[in-house]
Amino acid sequence: MKKHIYIYSPSGAVRDKAAFKRGIQRLQAQGHEVEVDEAALASQQRFAGDDATRLAAIHRAADSGADVALISRGGYGLTRLLPDIRYKKISKAIHKGLQFVGMSDFTAFQTAVLAKTGAITWAGPALGEGFGMEGTPDEIMEACFDDMLCGQGEGTGWRQLRQSSSEDTKAIAGNSDPIRDSDSFFIKDAVLWGGNLTVLTALLGTPYFPDIKGGILFLEDVAEHPYRIERMLTQLLYAGVLKRQKAIVLGQFTDFKLTPHDRGFKLATVVQWLRQRIATPVLTNLPYGHVQTKVLLPVGAKTDLSVDSRDALLVWGHL
């Protein structure tokens, strides 16, 4: 099904022009109409243009009449823009059918939109790292993107890790202890929200941090050592955010490097530490983050969560 996809750059400057071009070509090859914002390749310092340029790009995306507004890349820069975003315009565009899609730094936009309007956006790929990669884009990511385009996506299932290993702790938030077969539960109609842990934590205490009680909070990050991940989780814990949720779902935490000084301190240690401090279930291994294989998640949607031992299933079929 042919869709109108609008490409814009609200955060970091596009440095990999080849990936940008490949992403557009692949979307076009799938039959989509791809419209590129006039400032998509702008550059000032590390940003995709100055603040006014990137802000205007967001509002042009909202006015584009497209089916999807897809960011070119993440990076940094959206937190600068939050006070000046026209949230009523964004909400109106979403209610007319525009799907805002992105990840990483885009968490700032998604969190603010949820806090200010309650509207649903999608955590998913960016153009460059999702569709513009060298080689063949990930099949699961593409299938989830297609399902979102067609309104057919109903949920996602995955299997949690039984126990950690040296390989697991380099890449993903593994569980340090075996998950018991009796660990089964069902959560109904909980707001799904979250995204990048660093960006989300940086918004705590601001008007752009949503007051979600009884939600399902999903988290991921990249190039953050486990002790930094724990430090951010501690901030959310002490602020009462984690205890107010019905479930914490940890995605992929990648591209960090352990050192001899850690002496066994790793992601599994962090997960175990967190589980000892809250009664809220902490799930692991959600296929989402700075990895090729990622699902798309509706930020702000009421979602059901079913857990049967290691098997987990998020369902938003009512969308």
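The structure we're discussing is the one just above.
The following refers to the structure shown. The structure displayed is predicted, hence computed values, not measured ones.

## Things to note about the packing of aromatic side chains
Logical step 1: Under the definition given, this model contains eight aromatic pairs.
Logical step 2: Residues F47 and Y76 carry aromatic rings whose centres are separated by 5.9 Å and whose planes lie at 50 degrees to one another, so their mutual orientation is tilted. A residue pair is termed long-range when its members are at least 10 positions apart, and F47 in the loop between strand 2 (33-36) and helix 2 (51-63) and Y76 in the loop between strand 3 (68-71) and helix 3 (78-81) qualify at 29 residues.
Logical step 3: Residue classification places F47 among the buried positions, given a relative accessible area of 5%.
Logical step 4: Between the aromatic rings of F106 and F109, the centroid separation amounts to 4.9 Å while the plane-to-plane angle is 20 degrees, which identifies the pairing as stacked.
Logical step 5: Assessed through its relative accessible area of 1%, F106 is described here as buried.
Logical step 6: According to the relative accessible area criterion, F109 is buried, its value standing at 0%.

## Quick notes on the nonpolar core
Across soluble globular proteins, nonpolar side chains have a tendency to be buried as a group.
Logical step 1: Within the largest apolar cluster, 98 residues are counted, with the highest numbers of intra-cluster contacts made by Y8, F100 and L297.
Logical step 2: Excluding residues within four positions of it along the chain, Y8 makes contact with D37, A57, I58, A61, A69, L70, I71, S72, F100 and F106.

## With respect to the sheet that holds strand 11 (residues 297-299)
Logical step 1: A sheet is described by the order of its strands in space; here six strands give the open sequence 2-1-3-4-5-11, paired in mixed fashion. Of all strands in the sheet, those with a lone pairing partner are strand 2 and strand 11, marking the two edges. Taken pair by pair, the neighbouring strands of this sheet meet at an average axis angle of 30 degrees, ignoring direction.
Logical step 2: Relative to strand 11, strand 5 (residues 121-123) runs antiparallel, the two being bridged by three bridges. If you follow W122 over to strand 11, its bridge partner there is P298.

## Looking at the pairing of strand 9 (residues 247-254)
Logical step 1: Counting buried positions over the eight residues of strand 9 gives eight, a clear majority of the element.
Logical step 2: Here six bridges tie strand 8 (residues 216-222) to strand 9, and the two strands are oriented parallel to one another. When the sheet's bridge partners are listed, L217 is paired in strand 9 with I248.
Logical step 3: Regarding the hand of the β-α-β motif, the stretch spanning strand 8, helix 10 (residues 226-238) and strand 9 is right-handed.
Logical step 4: In the sheet, strand 9 pairs with strand 10 (residues 282-283) via two bridges, with the strands oriented parallel. Paired with V249 across the two strands is L283, which belongs to strand 10.
Logical step 5: The handedness of the strand 9 to strand 10 crossover, carried by helix 11 (residues 267-275), is right-handed.

## So, the environment of T280
Logical step 1: If you trace the backbone, T280 turns up in the loop between helix 11 and strand 10.
Logical step 2: Taking relative accessible area as the criterion, T280 reaches 10% and is therefore assigned buried.
Logical step 3: Separated by 38 residues in the primary sequence, T280 and L242 have C-alpha atoms spaced 7.6 Å apart.
Logical step 4: When sequence neighbours within four positions are dropped, the list of residues in contact with T280 reads L242, K243, Q245, K246, A247 and I248.
Logical step 5: For T280, the side chain forms a polar contact with the main-chain oxygen of Q245, separated by 3.3 Å.

Scoring rules and cut-offs
Residue numbers restart at each chain and count upward from 1, following the sequence in its written direction. The predicted nature of this model means local features are confined to residues of pLDDT at least 70 and side-chain atom pairs, given and counted, to a pLDDT of 80 or more, with totals for whole chains, interfaces and linings taken over all residues. Only hydrogens and water are set aside when side-chain values are computed; all heavy atoms of the structure are taken into account. Between rings of Phe, Tyr and Trp, where Trp is taken as its six-membered ring, a pair exists when centres lie within 6.5 Å; planes separated by under 30 degrees are stacked, by over 60 edge-to-face, and by other angles tilted. Where helices and strands are cited, they refer to DSSP runs of H or I of at least four residues and of E of at least two residues respectively, numbered from the N terminus. Type-normalised accessible area, obtained with a 1.4 Å probe on protein chains alone, sets the label of each residue: buried when under 20%, exposed when over 50%, and partly exposed for intermediate values. As used in this record, nonpolar core signifies buried Ala, Val, Leu, Ile, Met, Phe, Trp, Tyr and Cys residues forming a set joined through side-chain atoms within 4.5 Å. Residues are treated as being in contact if the distance between any of their heavy atoms lies within 4.5 Å. One bridge is not enough; two strands pair if DSSP finds at least two bridges between them. Convention adopted: a line fitted to C-alpha atoms gives each axis, helices being fitted over their contacting stretch, and angles between N-to-C directions are expressed from 0 to 180 degrees. Seen with its strands pointing away from the viewer, a crossover is right-handed when the path leading from the first strand over the helix to the second is clockwise. A 3.5 Å cut-off defines polar contacts: any pair of N or O atoms within that distance qualifies, except that in protein one atom must be a possible hydrogen donor and the other a possible acceptor, and neighbouring residues in sequence count only when both atoms are side-chain atoms.

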